[in-house]
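Given next are the chains, with one letter for each unit.
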Amino acid sequence: MDIFAKRLRERADQMGISNSEAARRAGLEERRYGHYIAGRREPDLTTLTKIAEVLQTTPNWLLGVAGAHEDDPEKAAFIDRFANAAKGMNAEELELFVIQAEAIAARKNAKGKEK
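This report concerns the structure included in the present document. What you are looking at is a predicted structure, and each value in this text was computed from that prediction instead of being measured.

What counts as what
- Residues numbered from 1 in each chain as written.
- Predicted model: local features only at pLDDT ≥ 70, side-chain atom pairs only at ≥ 80, totals over all residues.
- Heavy atoms only, no water.
- Buried < 20%, exposed > 50% of the residue type's maximum accessible area, 1.4 Å probe, protein only.
- Helix = DSSP H or I, 4+ residues; strand = E, 2+ residues; numbered from the N terminus.
- Arc of directions from axis to C-beta.
- Contact = heavy atoms within 4.5 Å.
- Core = buried A, V, L, I, M, F, W, Y, C linked by side-chain atoms within 4.5 Å.
- Phe/Tyr/Trp six-rings, centres within 6.5 Å; stacked < 30°, edge-to-face > 60°.
- Axes fitted to C-alpha atoms, helices over the stretch in contact; angles between N-to-C directions.
- Nonpolar A, V, L, I, M, F, W, Y, C, P; charged D, E, K, R; others polar.

**Side note on helix H2 (residues 19–26)**
Here is step 1 of the chain: Among all positions of H2, only Ala22, Ala23 and Ala26 are buried. Buried residues of H2, viewed axially, fall in a sector of 100°; they line one side.
Here is step 2 of the chain: Among the structural elements, helix H3 (30–38) and helix H4 (45–54) are those in contact with the buried residues of H2.
Here is step 3 of the chain: The positive-phi residue at the C-terminal boundary of H2 is Gly27, with phi of around 75°.

**Brief notes about the nonpolar core**
Here is step 1 of the chain: Ranked by internal contacts, the top residues of the largest apolar core, which has 18 residues, are Leu8, Tyr33, Tyr36, Ile51, Leu55 and Leu62.
Here is step 2 of the chain: For this core, the secondary structure elements donating two or more residues are helix H1 (2–15), H2, H3, H4 and helix H5 (59–63).
Here is step 3 of the chain: A per-element tally of this core places H4 first, with four residues.
Here is step 4 of the chain: Setting aside residues no more than four positions away along its own chain, Leu62 makes contact with Ile3, Phe4, Arg7, Leu8, Leu48, Ile51, Ala52, Leu55 and Thr57.

**Re the packing of aromatic side chains**
Here is step 1 of the chain: As enumerated under the stated definition, the model contains three aromatic pairs in all.
Here is step 2 of the chain: With centroids separated by 6.5 Å and ring planes inclined at 75°, the aromatic side chains of Tyr33 and Tyr36 adopt a geometry described as edge-to-face. One end of the pair is Tyr33 and the other is Tyr36, both in helix H3 and three residues apart, which spans about a single turn.
Here is step 3 of the chain: For Tyr33, a relative accessible area of 1% puts it in the buried group.
Here is step 4 of the chain: Residue classification places Tyr36 among the buried residues on the basis of a relative accessible area of 4%.
Here is step 5 of the chain: Here Phe82 and Phe97 contribute two aromatic rings whose centre-to-centre distance is 4.3 Å and whose plane-to-plane angle is 20°, an arrangement assigned as stacked. Taken as a pair, Phe82 in helix H6 (residues 73–87) and Phe97 in helix H7 (residues 91–114) lie far apart in primary sequence, 15 residues in all.

**Considering the packing of H1 against H3**
For any two helices packed against each other, the geometry is given by the interaxial angle and the distance between the axes.
Here is step 1 of the chain: At their nearest, the axes of H1 and H3 sit 6 Å apart, and the two run at 115° to each other. For the pair H1 and H3, the contacting residues are Phe4, Ala5, Leu8 and Arg9 in the first and Tyr33, Tyr36, Ile37 and Ala38 in the second.
Here is step 2 of the chain: Split by residue class, the contact of H1 with H3 holds seven nonpolar, no polar and one charged.

**Examining the side chain of His35**
Here is step 1 of the chain: Position of His35 relative to the elements: it lies in helix H3.
Here is step 2 of the chain: Residue classification places His35 among the buried positions, given a relative accessible area of 14%.

Okay, here's the thing in structure tokens:
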């Protein structure tokens, strides 16, 4: 469960909250949450779901489960990070984010057609 512990810390950091704040928001004692952060214990399904909701992500991402549609685990991890980053943005920021991603994809496609 090292990936779980790593991702708990990573996601709280992305959100700008402490581990104790994440625990509080999930309705968990700091000590119990600390066991998850340290990789000493694993949560039950209900607790996992509650933590994922508080951290605005999915249980699959917290557990390191790649999307079924993605054959490349590295690419899947980047897509998950992309989605998590987007969750913390307002509509205007998200629009700029999407425009940038679309511009990169369009440039790549245009270069591919030139060859």
